[in-house]
Amino acid sequence: MKRIGILTGGGDAPGLNAVIRAAVKTAINEYKCEVFGIRNGYDGFLEEDGIVPLGMNEVRGILPRGGTILGAANRGNPYARKIIRDGQEVTIDVSDEIVKGMKRLNMDALLVLGGDGTLHSAHELYQKGVPIIGVPKTIDNDIGGTEVTFGFDTALNIATEALDRLHTTAESHHRAMVLELMGRDAGFIALQAGVSGGADVILIPEIPFKFESTMKKIRARAEKGSKFSILAVSEGAKPQGGGQVFSRKGDEMYVPRLGGIGQVVAEYIESQGFESRVTVLGHIQRGGTPTAFDRMLATRYGAAAVRLAARGGFDRMVAQRCGEITDLPLEEATAIPKRVQLDGDAVITARNIGISFGDE
Ligand code: F6P
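Residues numbered from 1 in each chain as written. Predicted model: local features only at pLDDT ≥ 70, side-chain atom pairs only at ≥ 80, totals over all residues. Heavy atoms only, no water.

1. Description of the domain arrangement of the protein chain
Segmenting the protein chain into domains produces domain 1 (3-150 + 290-321) and domain 2 (156-286 + 341-352). Once you take the C-alpha centre of each, domain 1 and domain 2 turn out to be 33 Å apart. Counting residues at the interface gives eleven residues for domain 1, matched by 13 residues for domain 2. The contact between domain 1 and domain 2 buries some 1200 Å² in all, and 57% of this surface belongs to carbon and sulfur atoms. Summed over the shared surface of domain 1 and domain 2, the number is one salt bridge. Two residues, Arg 286 and Asp 12, come together in a salt bridge whose shortest N-O distance is 2.9 Å. Joining domain 1 to domain 2, the criterion identifies two residue pairs in polar contact (both at pLDDT 80 or more). (Domains from an automatic or database assignment. Contact = heavy atoms within 4.5 Å. Buried area = accessible area lost by both parts, 1.4 Å probe. Salt bridge = Lys/Arg side-chain N within 4 Å of Asp/Glu carboxyl O. Polar contact = N/O pair within 3.5 Å; in protein donor to acceptor, adjacent residues only side chain to side chain.)

2. Topic: the packing of helix α1 (residues 16-31) against helix α9 (residues 292-310)
Between α1 and α9, the least distance of the axes is 7 Å, while the angle of their chain directions is 40°. With respect to α9, the axis of α1 lies oblique. Two packed elements cross with a definite hand, and for α1 against α9 that hand is right-handed. Contacts from Ala 18, Val 19, Ala 22, Ala 23, Thr 26, Ala 27 and Tyr 31 in α1 reach Arg 295, Ala 298, Thr 299, Gly 302, Ala 303, Val 306, Arg 307 and Ala 310 in α9. Of the residues that constitute the contact of α1 with α9, the class distribution is ten nonpolar, three polar and two charged. (Axes fitted to C-alpha atoms, helices over the stretch in contact; angles between N-to-C directions. Helix = DSSP H or I, 4+ residues; strand = E, 2+ residues; numbered from the N terminus. Parallel < 35°, antiparallel > 145°, perpendicular 65-115°, else oblique. Left-handed = near helix turned anticlockwise from the far one by under 90°. Nonpolar A, V, L, I, M, F, W, Y, C, P; charged D, E, K, R; others polar.)

3. Looking at unusual backbone geometry
The phi dihedral of Asn 40 is positive, around 55°, even though this residue is not glycine. Along the chain, the position of Asn 40 falls in the loop between β2 (34-38) and β3 (51-53). Asn 40 sits in the partly exposed class, given a relative accessible area of 26%. Even without being a glycine, His 174 presents a positive backbone phi close to 55°. (Buried < 20%, exposed > 50% of the residue type's maximum accessible area, 1.4 Å probe, protein only.)

4. Here we look at the site of the ligand
Around the ligand, the structure places Asn 74, Ile 139, Asp 140, Met 182, Gly 183, Arg 184, Glu 235, His 283 and Arg 286. Taking Arg 184, its side chain carries an N or O atom lying 3.3 Å from an oxygen atom of the ligand. Across the complex, the protein chains shield 75% of the 400 Å² of accessible surface that the ligand would expose by itself. Taken together, the residues of the shell around the ligand sort by class into two nonpolar, three polar and four charged. (Near = heavy atom within 4 Å. Areas by Shrake-Rupley, 256 points an atom, 1.4 Å probe, with all protein chains shown as cover.)

5. Brief notes about the pairing of strand β14 (residues 316-321)
Across two bridges, strand β7 (residues 132-136) lies against β14 in parallel orientation. Pairing of Ile 133 across the sheet is with Arg 316, part of β14. Alignment of β14 against strand β15 (residues 324-329), held across six bridges, turns out to be antiparallel. Opposite Gln 320, over in β15, you have Ile 325 as the bridge partner. (Pairing = 2+ DSSP bridges.)

6. A look at the packing of aromatic side chains
Evaluation of the coordinates by the stated rule reveals three aromatic pairs. Ring geometry for Phe 211 versus Tyr 268: centroids 4.9 Å apart, planes at 35°, classification tilted. Placement of Phe 211 in helix α7 (residues 211-223) and of Tyr 268 in helix α8 (residues 261-271) is noted, with a sequence separation of 57 residues between them. According to the relative accessible area criterion, Phe 211 is partly exposed, its value standing at 24%. Overall, the relative accessible area of 23% leaves Tyr 268 in the partly exposed class. Through a chain of ring-to-ring contacts, the aromatic side chains of Phe 209, Phe 211 and Tyr 268 assemble into a single cluster. Taking NZ or CZ as reference, Arg 221 lies 5.0 Å from the ring centre of Phe 228, over its face. Residue placement shows Lys 338 over the ring face of Phe 188; its charged tip is 5.7 Å from the ring centre. (Phe/Tyr/Trp six-rings, centres within 6.5 Å; stacked < 30°, edge-to-face > 60°. Lys NZ or Arg CZ within 6 Å of the ring centre and 35° of its normal.)

Given below as structure tokens:
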């Protein structure tokens, strides 16, 4: 193994730089290998100056930095890239350019740090001959093949702190405070932050809720003298018989943008005579420095991805299983996305301590 490339696809997550740093250090220290960074997801293969050498100097000091020094592209599906041609927007397949780029640069491996979408395209690129290794990333923690993705712990801590802060103002003003959190189709952030931050109601995509059940909890608390309530709501939560709430429609390039369920819930609470406010935590959950847990996990993934490349373990993803770093085929890792287990310990525990999921 002489040369490897690294790219960060999809939305960013705290810990991407820690993976890049660990991969570069491992490649240089252990394999005397050259490393190149591909800028802005797969786009770097198509752009002038899109590929940059990564040495010890380039990764110095990046461990605690959020974001990604390589840039990310959330619309970076190489099989459906939108461009303007003759004044018209058209979708093109640029996967052949990536294959050519890898050959031109004599790359022996490409480490792709991404979520579900990026890892799916990674598997397809392998089938076209690109020697790919996947590294799972997302604050949503919803990739099936691994126990945990880096970025999740940081987002969870930020969400928990937000709930702590909302508590004091909720109590002072006797209000129901709704915190809308990230989590498209998986409610791990809202569930774990909700339990850790003492929420009274947790609404997640996996458990469609009833507005009236949510109110039942708020009323019961008020009757016992607690005239404030805290609600942790995933952006992807939906009422029974209803759909998710979007702030922007999807198109060929972008997936639909979720947002607004917090406001819907808060308005219902107000319509029932309880004062309510909504906070949308948004990208604050993705920005800033990673926690120690995420730095450690990201570093282990980065080093393991390079060791896997050196063994020729392509079309595979590094993963954590039973606390140890291992690897599995990309196709298997992305086949079934991870969701909150309704009969799992975390949900049962939340119910045991009186948290409502708005379904009873
Ligand atoms: O998948 C991670 C995630 O943060 C989701 O929780 C959220 O719905 C989405 O990305 C937001 O994406 P964008 O940054 O493109 O708005």
